Amino acid sequence: QVQLVESGGGLVQAGNSLRLSCAASGRTFSTYAMGWFRQAPGKEREFVAGINWDGRRTYYTDSVKGRFTISRDNAKYTVYLQMNSLKPEDTAVYYCAMARSSGLYTRPAEYNYWGQGTQVAVSS
């Protein structure tokens, strides 16, 4: 059974940083792409960042480019999201997800395992 457990969320002031972690278990982590999504109150879940199986390729939604960095440590079965220069509009529940395959994917339907989410709140 695959489990994804996020950590690292919290309340920060605008301009500050947070690092989210997602620990995976139950599946060969290095075989699959990973992604981070977020969902703000009253909004649909949106793609934030994705990384392929070996970490050599990444992709970001435009609103976080240059501020967020996704990375992975396959030996530790963990994916990270470093979030710098946070803005109030980054406030959301952040979810990590494991994809069905090894490439880069932006649509939720391309991911078949999800974590429980971690809250990020950015005050102005």
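Everything numeric here is computed off the predicted structure, so don't read it as measured data.

What counts and what doesn't
- Residues numbered from 1 in each chain as written.
- Predicted model: local features only at pLDDT ≥ 70, side-chain atom pairs only at ≥ 80, totals over all residues.
- Heavy atoms only, no water.
- Pairing = 2+ DSSP bridges.
- Helix = DSSP H or I, 4+ residues; strand = E, 2+ residues; numbered from the N terminus.
- Axes fitted to C-alpha atoms, helices over the stretch in contact; angles between N-to-C directions.
- Core = buried A, V, L, I, M, F, W, Y, C linked by side-chain atoms within 4.5 Å.
- Buried < 20%, exposed > 50% of the residue type's maximum accessible area, 1.4 Å probe, protein only.
- Contact = heavy atoms within 4.5 Å.
- Salt bridge = Lys/Arg side-chain N within 4 Å of Asp/Glu carboxyl O.
- Phe/Tyr/Trp six-rings, centres within 6.5 Å; stacked < 30°, edge-to-face > 60°.
- Lys NZ or Arg CZ within 6 Å of the ring centre and 35° of its normal.

### What about the sheet that holds strand E8 (residues 78–83)?
Within the open sheet, the four strands sit side by side as E1-E3-E8-E7. Their pairing is antiparallel. Among the strands making up the open sheet, the edge pair consists of strand E1 (3–7) and strand E7 (68–73). For this sheet the average axis-to-axis angle between neighbouring strands, irrespective of direction, equals 15 degrees.

### So, the nonpolar core
Trp36, Val79, Leu81, Met83 and Tyr94 are the most contacted members of the largest nonpolar core, which totals 28 residues. Elements that contribute at least two residues to this core include exactly strand E3 (18–25), strand E4 (34–39), strand E5 (46–51), E7, E8, strand E9 (92–99) and strand E11 (118–123). Residue contacts for Met83: discarding those within four places in its chain leaves Asn16, Ser17, Leu18, Leu20, Arg67, Phe68, Tyr94 and Val120.

### Concerning unusual backbone geometry
Positive phi, normally seen in glycine, also occurs at Tyr77, with a value near 55 degrees. By the secondary structure assignment, Tyr77 is in the loop between E7 and E8. One non-glycine residue, Ser85, adopts positive backbone phi at about 50 degrees. With respect to the helices and strands, Ser85 occurs in the loop between E8 and E9.

### Considering the pattern of salt bridges
In this structure the tally under the stated criterion is six salt bridges. Arg38 is the salt-bridge partner of Glu46, the closest N and O atoms lying 2.6 Å from each other. Overall, Glu46 belongs to the partly exposed group, its relative accessible area being 34%. The buried category is assigned to Arg38, whose relative accessible area is 6%. Put simply, Arg56 and Asp54 hold a salt bridge, and the shortest N to O gap is 3.6 Å.

### Examining the packing of aromatic side chains
One pass over the structure, following the stated rule, counts seven aromatic pairs. Seen from their ring centres, Phe37 and Phe47 are 5.6 Å apart, and the 80 degrees between their planes marks the pair as edge-to-face. Taken together, the positions of Phe37 in strand E4 and Phe47 in strand E5 put the pair 10 residues apart, joining distant regions of the chain. Residues Phe37 and Phe47 agree in their burial class; the two are buried. Geometrically, the ring pair formed by Tyr111 and Trp114 is tilted, given 6.2 Å between the ring centres and 55 degrees between the ring planes. Among the residues examined, Tyr111 registers a relative accessible area of 3% and is labelled buried. Chaining the aromatic ring pairs together yields one cluster made of Phe37, Phe47, Tyr59, Tyr105, Tyr111 and Trp114. Directly above the ring of Trp114 sits Arg45, whose terminal nitrogen or CZ lies 4.8 Å from the centroid.

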